[in-house]
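# Structure at a glance
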Amino acid sequence: MSKQQISGGEALVKALEHEGVDVMFGLPGGAILPVYDPIIESSIRHVLVRHEQGAGHMAEGYAHATGRPGVAMVTSGPAATNMVTPLCDAFLDSVPMVCITGQVPYAAIGTDAFQECDTTGITMAVTKHNFLVSEAQDIPRIIHEAFHIATTGRPGPVLVDIPKDIVDPSSPRAAMNWYQASDADMELPGYNPVMEGDRELIRQAAEMIRDAERPVLYVGGGVLRARAAEALLELAEMVQIPVVTTLMARGAFPDRHDLCLGMPGMHGNYTAVTAIQQSDLLVSLGARFDDRVTGKLDGFAPDAKIIHVDIDPAELGKVRQVNVGIQGDCKLVIESLIEALRELGGVETHADRQAWRSTVSGWQERFPLVYQQSEPGEKLKPQFVIEQLRDNNPSDTIVCSGVGQHQMYTSQWWKFDHPYTFINSGGLGTMGFSIPAAIGAKTGMPDRRVWAVDGDGCFQMTAQELVTSTVEDIPIKVALLNNSYLGMVRQWQEMFYDRRYSEVHLSDRVPDYVKWAESMGCEAIRVESPEEVEPAIVKANEINDRSVVVEFRTDARENVFPMVASGKTNSEIQVDPSQEGLLR
Amino acid sequence: MNSATPTQRWHTIVTTVENKPGVLARVAGLFSRRGYNIHSLAVAPTDDERFSRITFTVDVEGSPLDQVVKQLNKLINVVEIRELDPLDAVERELMLVTVCADAGHRHDLLELIDDWRAFVLSENDSEIMLSLSARPARLDEFEASLRPFGIAKLQRTGRVALPSLD
Ligand SMILES: Cc1ncc(C[n+]2csc(CCOP(=O)(O)OP(=O)(O)O)c2C)c(N)n1
Ligand SMILES: [Mg+2]
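Model, not experiment: these values are computed from the prediction. (Residues numbered from 1 in each chain as written. Chains lettered and ligands numbered in written order. Predicted model: local features only at pLDDT ≥ 70, side-chain atom pairs only at ≥ 80, totals over all residues. Heavy atoms only, no water.)

Before going further, it helps to spend a moment on the overall build of chain A. The helix and strand inventory of chain A stands at 22 helices and 20 strands. Against the compact-globule benchmark of 25 Å for 584 residues, chain A has a radius of gyration of 25 Å, which places it among compact chains. Once the C-alpha set of chain A is aligned to its principal axes, its extents read approximately 75 × 65 × 40 Å. Here chain A holds 584 residues, and the buried ones make up 61% of them. Of the contacts made within chain A by residues no fewer than 6 positions apart, 75% connect residues no fewer than 24 positions apart. (Helix = DSSP H or I, 4+ residues; strand = E, 2+ residues; numbered from the N terminus. Rg over C-alpha atoms; globule rule 2.2 N^0.38 Å. Buried < 20%, exposed > 50% of the residue type's maximum accessible area, 1.4 Å probe, protein only. Contact = heavy atoms within 4.5 Å.)

Structure follows, in structure tokens:
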């Protein structure tokens, strides 16, 4: 190890380079200035955002798409508080991310100095871990620890708060002897994630699967985090058990596969919801029994035994009592499970599931997803727009969505056949997620087509990042489903508040999305009738030198079905009004 | 009604944590976000200076502590956690108390101090300061028997605990 005296700021940038960081998203300011200076010489690409929240979601989008940790860097005070939403978003969806924040000089901490805020205090509850670095000499080690924590075990966001005086070359406290930190330097005595599942529990799980007559594989985002999609496919095909993929796991199992039932939950399809509900065994892989999936808990899957696999032991039994809870990495556990099932004998030795299969396919035939096409003169149906997008794009297109009705339509009507092709905000439900996340995904996967499906409410929260996409030459495509409403909230007011619409109408007149998009350097297209939909998408796909915004004027009266209303059990699922007659 | 003694509805959790700034705030935050009140808390370095031991008792009658313990385990700075059943643990707490001791009652008070094997730490004509270390329930009783004399100041440390040796 050669001893080289450098400043903490240089050490920070060098440490990031050594972690393999190729891009980071950020915006400079006073406290982080000394770190922005060595960035000029660095191999790391820096993407200058228009709002720090955008930097955070870009880092998330990058991480979702590539599996590598996303990196964001911002200054102290208001920049750090602007980062709280993406940190919380990444925390709830277990997204690996490292965020560097500037801080006032160490000696000024606690004095209400200009742009001082207690960043580690504020972000304690929304990060997997955070650090306040007190000495320049610690920087390489702590950066290494931050990446280690963010990417191992249950991934999540880690924040590193850096006082200005340990990075500013004019400060004596910034001098340090450079070293490249390795695992041996880490000081994390309390952090030892367990990867391998317990053999005996896995054997018990295999026996339960063998004996189950109505089993379902309930797949959550943990399968994607563990890069376990291939192992899952092998398992499902081996045991011929139907698979549901939660909002966070769409694409973890191909939608076009015969065994795929699609998404369960509040806006899941009838078959996925009902198969879970009537199962005798739920094999939960990297899922967390979120209330949006279970509905009213005491009526959830009443006959099901539970096998629960999760890397985070705090998830096992947190919501629903388990019969077998296996702590471990989903990929390793699924592989061991396949082995254990093989040892027990082939699928011929399993319980007879013929009746279950035909029940399930009966539901699929009777209750497909449906919508009524618009009549001439009516506005576009959002589902139709998503279908057209799906049919006019390659199956490996990366789709990022905002939060609201358009998110649910996207999850329902797109066909996700590849892992890491659907990126959205599940746990926190952050409006405005899609455009910055799409920019982050495109940055990490420049050769892939990236579409953001956004709502008009969401668009108005983060659209300014399209300026970033133009200036930084990161072209994405935005399908803006403009229903002039905070549509999802409108739907709840229609269904549960007697159609008393309170503060959900945005505006039919402003903004002019085409002009707005053009002013940000994008190509912009407005689409109002069904015949224009496909040509507009085709045209958007032909433009690759800048971002494109296609505004679809959609029907505000349209609601998302099926729906399990809040507080109801999954057995009380409301199907599309046209299918109500089919329910017994 | 539950016939358990008051001490039994309290869970004692003993955590070994890294001796670093902010660790107590992380630990305490996990309780406060769930609306659990920390009843008593004692923090001090262990025999190894790199680590501290935090002993706390929480009033969680009826609500499962299991989830909090699991969440505590997820904190990077928490190295070890033990939930101690009061029946299998030795618990001690220290009390410092200043009691009124005018001439008329001084003799009775000194007798009581003697009976309880408490220590006199400081005294003047009107008051006596004393200390007692005992099981928390015993301290409750001692406190009750001092009350008739008049308690001027009282401070308890919160309990510390270790598993008993069978
Ligand atoms: C930051 C934030 N604020 C408020 C909400 C509550 N919320 C959920 S969906 C929604 C409406 C979204 O409107 P829009 O983007 O137009 O999508 P639509 O439902 O109309 O498709 C709102 C306000 C939220 N999820 N996130
Ligand atoms: Mg809308």
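Before going further, it helps to examine the overall build of chain B. Along chain B, the regular secondary structure elements total four helices and nine strands. Traced from its N-terminal end to its C-terminal end, chain B shows the element sequence β-α-β-β-α-β-β-α-β-β-α-β-β. Each principal axis of the C-alpha distribution contributes one length, and for chain B these read about 60 × 45 × 35 Å. Buried residues in chain B amount to 40% of all 166 residues. Within chain B, residue pairs in contact and separated by at least 24 positions form 73% of the contacts whose partners lie at least 6 positions apart. When the accessible area of chain B is evaluated, it comes to approximately 9500 Å², of which 51% is carbon and sulfur surface. Between the averaged position of the 19 positive side-chain charges in chain B and that of its 25 negative side-chain charges there is a distance of 9 Å. (Areas by Shrake-Rupley, 256 points an atom, 1.4 Å probe, with all protein chains shown as cover. Lys, Arg positive; Asp, Glu negative; His and termini not counted. Charge placed at Lys NZ, Arg CZ, Asp CG, Glu CD.)

Turning our eyes to something else, we now look at the pairing of strand 14 (residues 324–327) of chain A. Residues and elements named next belong to chain A. Residues V324 and I326 point to one face of strand 14 and are all buried, whereas G325 and Q327, pointing to the other face, are not buried. The pairing of strand 13 (residues 305–310) with strand 14 spans four bridges and is parallel. By the bridge assignment for strand 14, D310 is matched with Q327. (Pairing = 2+ DSSP bridges.)

Residues and elements named next belong to chain A. Taken together, 16 residues form the shell around ligand 1, and within it Q405, G429, D456, C458 and G487 come nearest. A distance of 2.8 Å is found between an oxygen atom of ligand 1 and a backbone nitrogen or oxygen belonging to C458. The contact in question runs from an oxygen atom of ligand 1 to an N or O atom on the backbone of G487, over 2.7 Å. Listed by contribution, the elements that provide at least two residues to the shell around ligand 1 are helix 16 (405–413), helix 18 (456–462) and helix 20 (487–496). A breakdown of the residues in the shell around ligand 1 according to their chemical character gives seven nonpolar, eight polar and one charged. (Near = heavy atom within 4 Å. Polar contact = N/O pair within 3.5 Å; in protein donor to acceptor, adjacent residues only side chain to side chain. Nonpolar A, V, L, I, M, F, W, Y, C, P; charged D, E, K, R; others polar.)

This part covers the packing of helix 3 (residues 103–116) of chain B against helix 4 (residues 136–146) of chain B. A packed helix pair is summarised by two numbers, namely the angle formed by the two axes and the spacing between the axes. Residues and elements named next belong to chain B. Remark: helix 3 packs on helix 4, axes separated minimally by 11 Å, with the N-to-C direction vectors making an angle of 170°. Overall, the two elements helix 3 and helix 4 adopt an arrangement that is roughly antiparallel. Where helix 3 abuts helix 4, its residues L109, L112 and W116 lie against R138, E141, F142, S145 and L146. Looking at the contact of helix 3 with helix 4, its residues break down into five nonpolar, one polar and two charged. (Axes fitted to C-alpha atoms, helices over the stretch in contact; angles between N-to-C directions. Parallel < 35°, antiparallel > 145°, perpendicular 65-115°, else oblique.)

This paragraph deals with the sheet that holds strand 18 (residues 477–482) of chain A. Residue and element names in this part refer to chain A. What the six strands build is an open sheet, ordered 16-15-17-18-20-19; its pairing is parallel. Pairing within the sheet leaves two strands with one partner each, and these edge strands are strand 16 (422–423) and strand 19 (523–527). Looking at chain direction, strand 15 (residues 398–401) and strand 17 (residues 450–455) are connected through four bridges and run parallel. Among the inter-strand pairings, V399 is bridged to a residue of strand 17, identified as W451.

All names here are of chain B. One can read the domain layout of chain B as domain 1 (10–84) and domain 2 (90–163). Each partner contributes to the interface: domain 1 provides eleven residues, whereas domain 2 provides eight residues. Approximately 680 Å² of surface area, both sides summed, lies buried where domain 1 meets domain 2, with 59% of it carried by carbon and sulfur atoms. Taken together, the connections running from domain 1 to domain 2 amount to zero salt bridges. (Domains from an automatic or database assignment. Buried area = accessible area lost by both parts, 1.4 Å probe. Salt bridge = Lys/Arg side-chain N within 4 Å of Asp/Glu carboxyl O.)

Let us look at the sheet that holds strand 4 (residues 78–84) of chain B. All names here are of chain B. As summarised here, the arrangement of the four strands in space is 2-3-1-4, forming an open sheet in which the pairing is antiparallel. In the strand order of this sheet, the two ends are held by strand 2 (38–45) and strand 4, each with one partner. Sheet twist, expressed as the mean angle between neighbouring strand axes with direction ignored, is 15°. Contacting strand 1 (10–18), strand 2, strand 3 (51–59) and strand 4, helix 1 (residues 23–32) runs over the sheet at an angle of about 20° to strand 3. Contacting strand 1, strand 3 and strand 4, helix 2 (residues 66–74) crosses the sheet at an angle of about 160° to strand 4.

The next point concerns the interface of chain A and chain B. Counting residues at the interface gives 16 residues for chain A and 15 residues for chain B. When the two sides are added together, the surface that chain A and chain B hide from each other amounts to roughly 1200 Å², 56% of it contributed by carbon and sulfur. Our count for the contact surface shared by chain A and chain B stands at one salt bridge. Across the pair B:K74 and A:D312 runs a salt bridge whose closest N-O atoms are separated by 2.5 Å. Where chain A packs against chain B, one counts four residue pairs in polar contact (both at pLDDT 80 or more).

Residues and elements named next belong to chain A. Surrounding the magnesium ion (ligand 2) are the protein donor atoms D456 (OD), N483 (OD1) and Y485 (O), which sit 2.0 to 2.1 Å from the metal. Between the donor residues of the magnesium ion (ligand 2), the gaps in sequence give the motif D-x26-N-x1-Y. Accessibility assignment for this pair places N483 and Y485 in one class, buried. (Donors = N, O, S within 2.8 Å, 3.2 Å for Na, K, Ca; no water.)

What follows deals with the pairing of strand 13 of chain A. Residues and elements named next belong to chain A. Most of strand 13 sits inside the fold, with five of its six residues counted as buried. With five bridges joining them, strand 12 (residues 281–285) and strand 13 adopt parallel strand pairing. For L282, the partnering residue across the bridge sits in strand 13 and is I306.

Next up on the list: the domain arrangement of chain A. Residues and elements named next belong to chain A. Under the domain assignment used here, chain A contains domain 1 (5–181), domain 2 (199–366) and domain 3 (382–553). Between the C-alpha centres of domain 1 and domain 3 there is a distance of 30 Å. If you look at the interface, domain 1 gives 24 residues, while domain 3 gives 27 residues. When domain 1 packs against domain 3, the two sides together hide about 2000 Å² of surface, and 64% of this comes from carbon and sulfur. In this assembly, domain 1 and domain 3 are joined by one salt bridge. Residue R45 is joined to E472 by a salt bridge in which the shortest nitrogen-to-oxygen separation is 3.7 Å.

Taken together, the buried positions of helix 1 (residues 8–18) of chain A are A:G8, A:G9, A:A11, A:L12, A:V13, A:A15 and A:L16. Following helix 1 of chain A by one or two positions, A:G20 adopts a phi angle in the positive range, close to 85°.

Residue and element names in this part refer to chain B. Scored by pLDDT, chain B comes out at a mean of 90, with 92% of its residues at no less than 70. Low pLDDT, under 50, characterises residues 1–7; the stretch is placed with four contacts to residues that sit more than four places away or in other chains. Here the complex is predicted with pTM 0.96, and the ipTM for its interfaces comes to 0.90. (pLDDT = per-residue confidence, 0-100.)

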